[in-house]
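Structural overview
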Amino acid sequence: MDDYEELEEKLAQEKKSASDFLKGLVIGFLGTILSLTVSVYIVTQLMGRPIIISKSAEQKADRISALDENVLKKINELMGYINLYFYDEVDDEKLANGIYAGLMEGLDDKYTGYYTKEEYQDLQISAKQNYYGIGAMLSQDRDSMQVTITHVYEGSPAEAAGLKNGDVITLVEDLESVSMELSDLVTHIRGEEGTTVHLQVYREGEPDYLEFDVKRANIDLPTVSHRMLDDRIGYIRIVEFGEPTVEQFEAAANELLEGGMRALVLDVRDNPGGMLTSVTEILDDFLPEGTLVYMQNKQGERQDYTSSAERMFDCPVAVLINGNSASASEILAGAVRDFEYGKLIGTKTYGKGVVQTIIGLEDGDAIKLTTAKYFTPKGENIHGTGIEPDIELDFEYQGDETQAYDALKDNQVQKAMEVLNKEISAQQ
């Protein structure tokens, strides 16, 4: 037997070994998909963290066309070459995870992904709004994938480290921020309490990148802030729609009503989205009875989310929006617009009109799939197009940017007050 034949025989043995490994791996994987009763999570996410709503469902697969004999044969062949020629030890678990992740990546959908058990646990933390992180709100550009800090929370580790609104995160440890979807990137920013995460940041006006080591801490993030702008117009800002947001919103609204509020400026600028139930419960607080948003899946099945006839308050509303208002924020803006309940002021929203479902697998891993489109009450799907404001107005802050933000010096807030004062006067 010459060297070539000996090599071929060795390769054949390696392929057989790989085949046994892959058959078990793939059969186990398929068995998980075919037979497992799982927890399903509807996720409304824009450029921000996935926020989760739990719901049980039985998952069934009628057919699996991708993993046919030819595919398995090719995987076996690749495993043979890896085992025979790869210069280093092979981590079977990492290799298996790579196969699963590659399968999801083949859908060519940036919102779809595969999560290991640890990544899945990090993903679920977001729904609680209480996690070991740095205390900064992030957004991601749809096209460039650039990640920007849109809000640094007061008293947070991010503030203590010197991070500022508008900073562009270029690296998280050694990971390029533009290399992954934001919901995945933030799992690398979070970690054990007391540990640090290294960030490289671009800041306008600085000659070079800035480096920060930020200590992670147990962060309990407020999602709502409020104030009276004058003696009759209230202001509520929602930074995202998390688990505590409804309670915080209703507490803020009650305080404003007690303070004499007769109209409301509702600010969802730079709000990346969040829990579907959170935004629909908030809309139910002030919109009339009717469909707030509905979803439609691949089979054409429709699910409506509705408001009741009972309302917490009924007064003129102006909603502030911009290009970073996404997902749940767009559900709110679309409902207010379609109910003809208030004016939208600012710039066009992000344009995310699809829904993701997180499916927990038997071994603790999970997959995220885009499973449905959502539609505004009048039947518009805004995916890729966004929502146009009733009054288009670019943001211009008229105060001192080195000082704390003052809503009264925000030109979009000023325009909202002008609109609402006219409506209040018209009702008198």
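**Remarks on the overall build of the protein**
When its secondary structure is counted, the protein shows 10 helices and 21 strands. Burial statistics for the protein: of 428 residues in total, 48% are counted as buried. The contacts in the protein between residues at least 6 apart in sequence include a share of 69% that link residues at least 24 apart. In the form shown here, the protein has an accessible surface area of approximately 20900 Å², with 46% of it arising from carbon and sulfur atoms.

**Re the sheet that holds strand S17 (residues 317–321)**
With respect to topology, six strands assemble into an open sheet ordered S12-S13-S14-S17-S18-S21, the strand pairing being mixed. Of all strands in the sheet, those with a lone pairing partner are strand S12 (224–228) and strand S21 (391–392), marking the two edges. Relative to strand S14 (residues 263–267), strand S13 (residues 233–238) is paired through five bridges, and the arrangement is parallel. Directly across from Gly234, in S14, lies its bridge partner Leu264.

**Quick word on the packing of helix H8 (residues 276–284) against helix H9 (residues 328–338)**
Running from N to C, H8 and H9 cross one another at 25°; their axes reach a closest spacing of 9 Å. Classed by the angle they form, the pair H8 and H9 counts as roughly parallel. Seen from above, H8 lies across H9 with right-handed handedness. Where H8 abuts H9, its residues Leu276, Val279 and Leu283 lie against Ala328, Ile331, Leu332, Ala335 and Val336.

**Considerations on the environment of Ser225**
The residue Ser225 is located in strand S12 in this model. With relative accessibility at 35%, the residue Ser225 sits in the partly exposed group. Along the backbone, Ser225 and Val239 are 14 residues apart, and their C-alpha atoms lie at a distance of 8.5 Å. Filtering out sequence-adjacent residues up to four positions away, Ser225 remains in contact with Tyr235, Ile236 and Arg237.

**Looking at the environment of Leu320**
Note that Leu320 resides in strand S17. For Leu320, a relative accessible area of 0% translates into the label buried. Sequence-wise, Leu320 and Ile345 are 25 residues apart; in three dimensions their C-alpha atoms are separated by 5.0 Å. If we skip the residues at most four places from it in the chain, Leu320 touches Val265, Leu266, Asp267, Val268, Arg269, Ile345, Gln412, Val413 and Ala416.

**Details of the pattern of salt bridges**
In total, this model carries 12 salt bridges according to the counting rule given. Three or more residues are tied together by salt bridges with common partners; here these are Asp267, Arg269 and Asp410.

**Notes on the pairing of strand S10 (residues 210–215)**
Only one face of S10 is buried: it carries Leu210, Phe212 and Val214, and the other face, with Glu211, Asp213 and Lys215, is open. Of the pairings in the sheet, the one linking strand S9 (residues 196–202) to S10 comprises six bridges and is antiparallel in character. Bridge assignment links Gln200 to a residue of S10, and that residue is Glu211.

**A word on the nonpolar core**
Ranked by size, the top nonpolar core spans 41 residues in total, and within it Ile236, Ile238, Phe249, Leu266, Leu283, Phe286 and Val319 carry the most contacts. Looking at this core, the element that brings in the most residues is H9, giving six residues. Sequence-distant contacts of Leu266, defined by excluding residues within four places in its chain, comprise Ile236, Ile238, Phe249, Phe286, Val317, Ala318, Val319, Leu320 and Leu332. One finds Val152, Ala158, Val172 and Leu199 within the second-largest nonpolar core, a separate group that totals 21 residues.

**Examining the packing of aromatic side chains**
Each aromatic ring pair is described using two quantities: the centre-to-centre distance and the angle formed by the ring planes. Evaluation of the coordinates by the stated rule reveals eight aromatic pairs. Note on Tyr81 and Tyr85: the rings are 6.1 Å apart at their centroids and 15° apart in plane angle, and the pair reads as stacked. With Tyr81 and Tyr85 both in helix H2 (residues 69–85) and four residues apart, the pair spans about one turn of that helix. Taking relative accessible area as the criterion, Tyr81 reaches 36% and is therefore assigned partly exposed. Centroid distance Phe286 to Tyr341: 5.8 Å. Interplanar angle 45°. Geometry classified as tilted.

About the cut-offs
- Residues numbered from 1 in each chain as written.
- Predicted model: local features only at pLDDT ≥ 70, side-chain atom pairs only at ≥ 80, totals over all residues.
- Heavy atoms only, no water.
- Helix = DSSP H or I, 4+ residues; strand = E, 2+ residues; numbered from the N terminus.
- Buried < 20%, exposed > 50% of the residue type's maximum accessible area, 1.4 Å probe, protein only.
- Contact = heavy atoms within 4.5 Å.
- Areas by Shrake-Rupley, 256 points an atom, 1.4 Å probe, with all protein chains shown as cover.
- Pairing = 2+ DSSP bridges.
- Axes fitted to C-alpha atoms, helices over the stretch in contact; angles between N-to-C directions.
- Parallel < 35°, antiparallel > 145°, perpendicular 65-115°, else oblique.
- Left-handed = near helix turned anticlockwise from the far one by under 90°.
- Salt bridge = Lys/Arg side-chain N within 4 Å of Asp/Glu carboxyl O.
- Core = buried A, V, L, I, M, F, W, Y, C linked by side-chain atoms within 4.5 Å.
- Phe/Tyr/Trp six-rings, centres within 6.5 Å; stacked < 30°, edge-to-face > 60°.

Bear in mind that shape data such as this cannot, by itself, settle questions of function.
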